[in-house]
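Next come the chains, spelled out residue by residue.
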Amino acid sequence: MTLAKAERLKHLPPYLFQEIDRLKADLLAKGVDVINLGVGDPDLPTPGHIIDRLQEAAEDPSTHQYPSYSGMNDFRISVAGWYQRRFGVELDPLREVLTLIGSKEGIAHFPLAFINPGDLALVPTPAYPVYQVAMLFAGGESYFMPLVRENNFLPDFSAIPPDTARRAKLMFLNYPNNPTGATAERDFYEKVVAFAREYDVVVCHDAAYSEMAFDGYRPMSFLEIPGAKEVAIEFHSLSKTYNMTGWRLGFAVGNAKLIEGLGQVKSNIDSGAFNAVQWAGIAALEGDQQCVTEMQQTYQERRDVLIAGLRRVGIQPVIPKATFYVWCPTPPGYTSADFTSLLLKECGIVTTPGSGFGAPGEGYVRLALTVNKARIAEAVARIEKLSF
Ligand SMILES: *Cc1c(COP(=O)(O)O)cnc(C)c1O
């Protein structure tokens, strides 16, 4: 067979975790008690009332046929209700809400609706890799906006050359942010709307972590900003909020023309999310939100154990107000890759090197709070035995 892989696969960013995966497999084979702080996947189960609703809905034959492409009307109405309660934003459920098979799916497909070969998007770095890859698959180009600590991990729009800003069709943003744990406030979002209007750029805001926040902090929706709905689409997910990563359910909201374009792409590629999963999604969004409060408390406690421990060894991470990530600076003299392999070899702790999320992530490792408090304490005890 002479069939070669398409160019677009050859241009994918390198898979930097290969070495770590190999080392991890070695350690596991040797029987080492590995603590995995590498993957951003909640370790807690989906709340029972959501599972019950899935079971019941799966028994109903009406859910067994093809779902509607844009999502069940009941689910989209439920999303609009949640948005109104949570953010005070009005949405037209049929024109401004679209069901997704997880938000990653929607983000990855969005550029196919609006990007022609050679078109440009402004993409943060370090970042969730999907924005860059989605642009690549659509034949577009990415201009990277570095997220650095001096700027609270927010992009500096004054550093973008005006010609580049004028060329750009899209801007990707993600707050609360993976991997830095940074959050954005109203004044920043107002600047984004002004920038989007000045340069005619569409904003794609990934709000997957809007509910995973601590100390009583409630992240806002980008759509709360006046004028945002004229320029933006916002992506949400039930994955992190309700421990539903395996269920594949998310939604996009915002500008009707953007929603319609994404819907057109999807109707030609997938056939929608299982209706029973959407009924369960309604149970999640409309049910008791005590499970969300408990999730927040759980991660907050884990965060506090980890931060306190890192401080004892002289590492000063930014304390995240949201997300289940701690963006941890490496000790002096260690690159991201060095520190990741030290933690793995000496402590049996899996982390992700910051440089894997983009060059400005060099000098950091990302620790995910996805093991229980006792295991985090154990990880800290092992780190405390190191000397840098
Ligand atoms: C986890 C995550 C998502 C959610 O992905 P789903 O496809 O909805 O499971 C989206 N964006 C970021 C940055 C994430 O970390």
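Residues numbered from 1 in each chain as written. Predicted model: local features only at pLDDT ≥ 70, side-chain atom pairs only at ≥ 80, totals over all residues. Heavy atoms only, no water.

Participant: Quick one: what's the story with the site of the ligand, residue by residue and with numbers?
Facilitator: Close to the ligand lie 14 residues; Asp206, Tyr209, Ser237, Ser239 and Lys240 are nearest. Asn178 has a polar side-chain atom sitting 2.9 Å from an oxygen atom of the ligand. In the environment of the ligand, an oxygen atom lies 2.6 Å from a nitrogen or oxygen atom belonging to the side chain of Ser237. Classifying every residue of the shell around the ligand by side-chain character gives four nonpolar, six polar and four charged. (Near = heavy atom within 4 Å. Polar contact = N/O pair within 3.5 Å; in protein donor to acceptor, adjacent residues only side chain to side chain. Nonpolar A, V, L, I, M, F, W, Y, C, P; charged D, E, K, R; others polar.)

Participant: Now, about the packing of helix α5 (residues 103–114) against helix α6 (residues 130–137): what can you tell me, with residues and values included?
Facilitator: The N-to-C vectors of α5 and α6 enclose an angle of 35°; their axes lie 7 Å apart at closest approach. The crossing of α5 and α6 is right-handed. Across the interface between the two elements, Lys104, Ile107, Ala108, Pro111 and Leu112 of α5 pack against Val130, Tyr131, Ala134, Met135 and Phe137 of α6. Grouping the amino acids of the contact of α5 with α6 by side-chain chemistry returns nine nonpolar, no polar and one charged. (Axes fitted to C-alpha atoms, helices over the stretch in contact; angles between N-to-C directions. Helix = DSSP H or I, 4+ residues; strand = E, 2+ residues; numbered from the N terminus. Left-handed = near helix turned anticlockwise from the far one by under 90°. Contact = heavy atoms within 4.5 Å.)

Participant: So what about the layout of surface pockets? Which residues, and what values?
Facilitator: Roughly 290 Å³ of volume is contained in the second largest pocket. As for the second largest pocket, its lining consists of 13 residues, of which Lys169, Asp200, Val202, Lys257 and Leu258 are closest to the centre. Among the residues forming the lining of the second largest pocket, the class breakdown is seven nonpolar, one polar and five charged. (1 Å grid on protein atoms, 1.4 Å probe; cavity = no way out; pocket = protein on both sides within 12 Å on 5 of 7 lines; lining within 4 Å. Points joined across faces, edges and corners; volume = space filled by probe spheres on them.)

Participant: Account for the packing of helix α2 (residues 18–29) against helix α13 (residues 336–347), naming residues and giving values.
Facilitator: The packing of two helices is summarised by the inter-axis angle and the distance between the axes. Between α2 and α13, the shortest axis-to-axis distance is 10 Å and the interhelical angle comes to 10°. In terms of orientation, α2 lies roughly parallel with respect to α13. Between α2 and α13, the contacting residues are Ile20, Leu23, Lys24 and Leu27 on the first element and Thr340, Ser341, Leu344 and Lys345 on the second. Looking at the contact of α2 with α13, its residues break down into four nonpolar, two polar and two charged. (Parallel < 35°, antiparallel > 145°, perpendicular 65-115°, else oblique.)

Spatial relationships are all this shows, so hold off on functional conclusions.
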